[in-house]
Amino acid sequence: MGKKTKQLLEEAALYKKLKQLWQRGQSDLCEVRGSKIHGRGVYATQDIAAGTKIIEYVGEVIDKEESERRAWAQHAHSQETGDAAVYIFTLTSKHDIDGNVPWNTARLINHSCEPNCEAWIDGRRIFIHSLGEIKEGEELTFDYAFDVDCYEDHPCLCGKASCIGYIVSREQWPQLKEILAAKAAGK
Ligand SMILES: C[S@@+](CC[C@H](N)C(=O)[O-])C[C@H]1O[C@@H](n2cnc3c(N)ncnc32)[C@H](O)[C@@H]1O
Ligand SMILES: [Zn+2]
């Protein structure tokens, strides 16, 4: 085989790999559009039944040490720019996924206090599932489950009737309600 042919075959194999990588982060069930909640969001392109695996949350699998380093870097960046986007997802006790890659469509899913999706871990992969029936054109959302300790850094603009005002894990809403009540009472 000539040198040129070998190079062309290598390039074709690389292209195939990149295409597969890109496709893993896409789904026929949703697409990116401008969002009323914030910036860009992900919207259903057709009616989706409850419990459907909609899209994979793809990214780089990293160990906890690297994850902590990147989380601090993201935090420093957000302090400088006001862009508070966090893309690191807990995967296992040893590893996380950094979803900050352009082919990860699911990274653009916004948070809602009444989410219609949930992230499920399946082995070393993360998938976004529908919690109930989703209509074509609805924005996909999930609970970012941020810790109540830094609630003031993340005001919520989901617009739902039950919106608590901050992006905080629903499990910690009782604590948040106490904090907000104490604040309102001037304590
Ligand atoms: C991972 S990004 C989601 C995609 C984002 N809309 C964009 O265009 O890049 C997460 C960021 O989106 C914003 N965001 C997501 N959900 C939100 C909400 N319910 N209210 C206000 N901002 C939200 C916050 O700035 C958050 O840090
Ligand atoms: Zn909200």
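Residues numbered from 1 in each chain as written. Chains lettered and ligands numbered in written order. Predicted model: local features only at pLDDT ≥ 70, side-chain atom pairs only at ≥ 80, totals over all residues. Heavy atoms only, no water.

Points about the site of ligand 1
As a structural note, the neighbourhood of ligand 1 is formed by 18 residues, with H38, R40, N110, H111 and L157 the closest of them. The backbone of L157 places a nitrogen or oxygen atom 2.8 Å from a nitrogen atom of ligand 1. About the coverage of ligand 1: the protein hides 89% of its 560 Å² of free accessible area. (Near = heavy atom within 4 Å. Polar contact = N/O pair within 3.5 Å; in protein donor to acceptor, adjacent residues only side chain to side chain. Areas by Shrake-Rupley, 256 points an atom, 1.4 Å probe, with all protein chains shown as cover.)

Quick look at helix α3 (residues 173-184)
Between its terminal C-alpha atoms α3 stretches 16 Å, which fits the 16 Å expected from 12 residues at 1.5 Å a residue. One or two residues past the end of α3 sits G186, with phi positive at roughly 75°. (Helix = DSSP H or I, 4+ residues; strand = E, 2+ residues; numbered from the N terminus. Expected span 1.5 Å × (residues − 1).)

Overview of the coordination of the zinc ion (ligand 2)
Looking at the metal site, the zinc ion (ligand 2) is ligated by C113 (SG), C156 (SG), C158 (SG) and C163 (SG), spaced 2.3 to 2.4 Å from it. Viewed at the metal, the 4 donor atoms of the zinc ion (ligand 2) are separated by angles of 105 to 113°, and the geometry they form is tetrahedral. Between the donor residues of the zinc ion (ligand 2), the gaps in sequence give the motif C-x42-C-x1-C-x4-C. Neither residue differs from the other here; C156 and C158 are each classed as buried. (Donors = N, O, S within 2.8 Å, 3.2 Å for Na, K, Ca; no water. Tetrahedral: all angles 85-135°; square planar, octahedral: opposite > 155°, others 65-115°. Buried < 20%, exposed > 50% of the residue type's maximum accessible area, 1.4 Å probe, protein only.)

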